[in-house]
Amino acid sequence: MKIIFALILALLAVSISAFADPGHWQGKQRAVVLLLEWKNQPAKHSVAEVNEVFFGEGKSSVRDFLRENSAGTADLTGDVRNWLRTEQTWNGSDSCDLDRIVNEAWQKFSRAINIADYDSDHDGKIDNLFIVHSGRINSDRVGPSCAFTESRFANHTIVFQSEGLGSIGQQIPIGFYLHEAGHAYFGFPDLYNDHYHGHYGIGMWGMMGLGAWGTDNRMRREDMFRYPSHFEPYSKVQIGWVTPHVVSQTTQHVSIRAVEASGDIVAIPVGSNTSYYLEYRSAQGFSRDHRGHGLLIWKNYELIQADGRNDLDHGHNLGHRPVPPNDENFGDDSDPFPGSGNVTFHEDRDAHVRIENIAQFADHMEFDVRMLDGFKARRWKRPHPAPMDFQGIDFSIRPLDF
Ligand SMILES: [Zn+2]
């Protein structure tokens, strides 16, 4: 009886692994991008431009983003299929009908597509199906229900408008896709707080915050969602992209390389489900335009601002969303350590830990970790994400979402 049961379990495991979808942003995946032009909305981006946005190397593409954020463990390659025109028309106020968009695109393109070319896990489905269409949604409040859907030909199906997001921007909004996928694939929270009223959460320092928009609040509005920030270290370890170097006792001269080039993250466990996460955000890759560079110190998702001013929580009560460019503080050059304020330590007396002698060099940073009296050493455990069944999410409960 037991043997039969074990055999059934083994068969089940084999069949699940044989037909499992390729996982969210794991390993080498494939994608096909279909360009759909509505009869009344001429396309404004060339196929070469779209190819650069999704697959270009050194072009701040989706491929670059995934490789840079995952320390090279996630890769995405594929093709862009040239614009095909549909006889259907676009109506900007009735525009989140994803079934209509996907069906129309698939009808136009399916004859010319060999699914096996985009099916890395051989489950008979395209790994990632991206549909980019001409025309705009009239609203500036656009949520995940206007982007994520399901189709029987693909494991992941995502719809983009080619010109910004809703009424804002001119570029294909890859930051929107990456942010919303953070919710849909991993259950990550929004970290931009009540940004209508001067509370900016982590500001532009992370993808789940205002970093989905970009990395500098002085950025051009037309570039919104095109050059987003890295994911937070706490998100990266949940996705499984990086395994941190764990420091759980007093240690001098801890060295950490640029996160963009190495994926280096240092974890200091200070509670059963709480760790400090340290990273060197350097002036390269997707981090090049941040207003400052240096060591970012996070306590899970909480960003420790080196200047101690907590500017990110003391913006103006505008009563509306401060879309870039603006004069609000979405993160500044004294948030990283040592930063423009030359702050070389952070002490947490409740957690009995002090990070000190923080020094920045060209290609790495160094610091000491000193455990204070009362510190209790713990093992680091990888936090597990809580993936959402996005079909079942009531998106209306996140009214501030973008
Ligand atoms: Zn969100």
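Definitions and limits used
Residues numbered from 1 in each chain as written. Predicted model: local features only at pLDDT ≥ 70, side-chain atom pairs only at ≥ 80, totals over all residues. Pairing = 2+ DSSP bridges. Helix = DSSP H or I, 4+ residues; strand = E, 2+ residues; numbered from the N terminus. Buried ≥ 20, exposed ≤ 12 C-beta atoms within 10 Å, placed from the backbone. Expected span 1.5 Å × (residues − 1). Contact = placed C-beta atoms within 7 Å. Domains from an automatic or database assignment. Nonpolar A, V, L, I, M, F, W, Y, C, P; charged D, E, K, R; others polar. Arc of directions from axis to C-beta.

Draft legend 1. Molecular detail of the pairing of strand 14 (residues 364-371). When strand 7 (residues 251-257) meets strand 14, the two strands line up antiparallel, connected through 5 bridges. Paired with V254 across the strands is F367, a residue of strand 14. Summarising the sheet, strand 13 (residues 353-360) and strand 14 pair through 6 bridges and their orientation is antiparallel. When the bridges of strand 14 are listed, V353 appears paired with M371. Between the end of strand 13 and the start of strand 14, which pair antiparallel, lie 3 residues.

Draft legend 2. Up close: the pairing of strand 9 (residues 275-281). The buried fraction of strand 9 amounts to 7 of the 7 residues, a majority that puts the element mostly inside the structure. The two faces of strand 9 match: S275, Y277, E279 and R281 on one face and Y276, L278 and Y280 on the other face are all buried. Pairing geometry for strand 8 (residues 266-269) and strand 9, over 4 bridges, is antiparallel. Directly across from P269, in strand 9, lies its bridge partner S275. Between strand 8 and strand 9, which follow one another and run antiparallel, lie 5 residues. Note: strand 9 against strand 10 (residues 294-299), 6 bridges, orientation antiparallel. Counterpart to E279 in the pairing with strand 10 is L296.

Draft legend 3. Molecular detail of helix 4 (residues 98-109). Over its 12 residues, helix 4 extends 16 Å from the first C-alpha to the last, a length consistent with the 16 Å expected when each residue adds 1.5 Å. Buried within helix 4 are the following residues: I101, V102, E104, A105 and W106. In the core, the buried residues of helix 4 are packed alongside strand 1 (28-37), strand 3 (126-133), strand 4 (148-151) and strand 5 (154-161).

Draft legend 4. Summary view of the domain arrangement of the protein. Segmentation of the protein into domains returns domain 1 (2-182) and domain 2 (241-307 + 328-371). Just the C-alpha atoms count here: the centres of domain 1 and domain 2 sit 34 Å apart. Each side of the interface is counted separately: domain 1 has 8 residues, and domain 2 has 7 residues. Of the residues in the side of domain 1 that touches domain 2, the class split is 3 nonpolar, 4 polar and 1 charged.

Draft legend 5. Geometry of the environment of A184. As for its placement among the helices and strands, A184 is situated in helix 5 (residues 174-186). Overall, the presence of 22 C-beta atoms within 10 Å leaves A184 in the buried class. Each C-alpha atom of the pair A184 and P387 lies 6.6 Å from the other, and the pair is 203 residues apart in sequence.

Draft legend 6. Representation of helix 2 (residues 47-55) in the model. Buried residues of helix 2: V50, V53 and F54, and no others. Along the long axis of helix 2, the arc covered by the buried residues comes to 90 degrees, so they all point the same way. If you follow the buried residues of helix 2, they end up packed against strand 1, helix 3 (62-69), strand 2 (75-85), strand 3 and helix 5.

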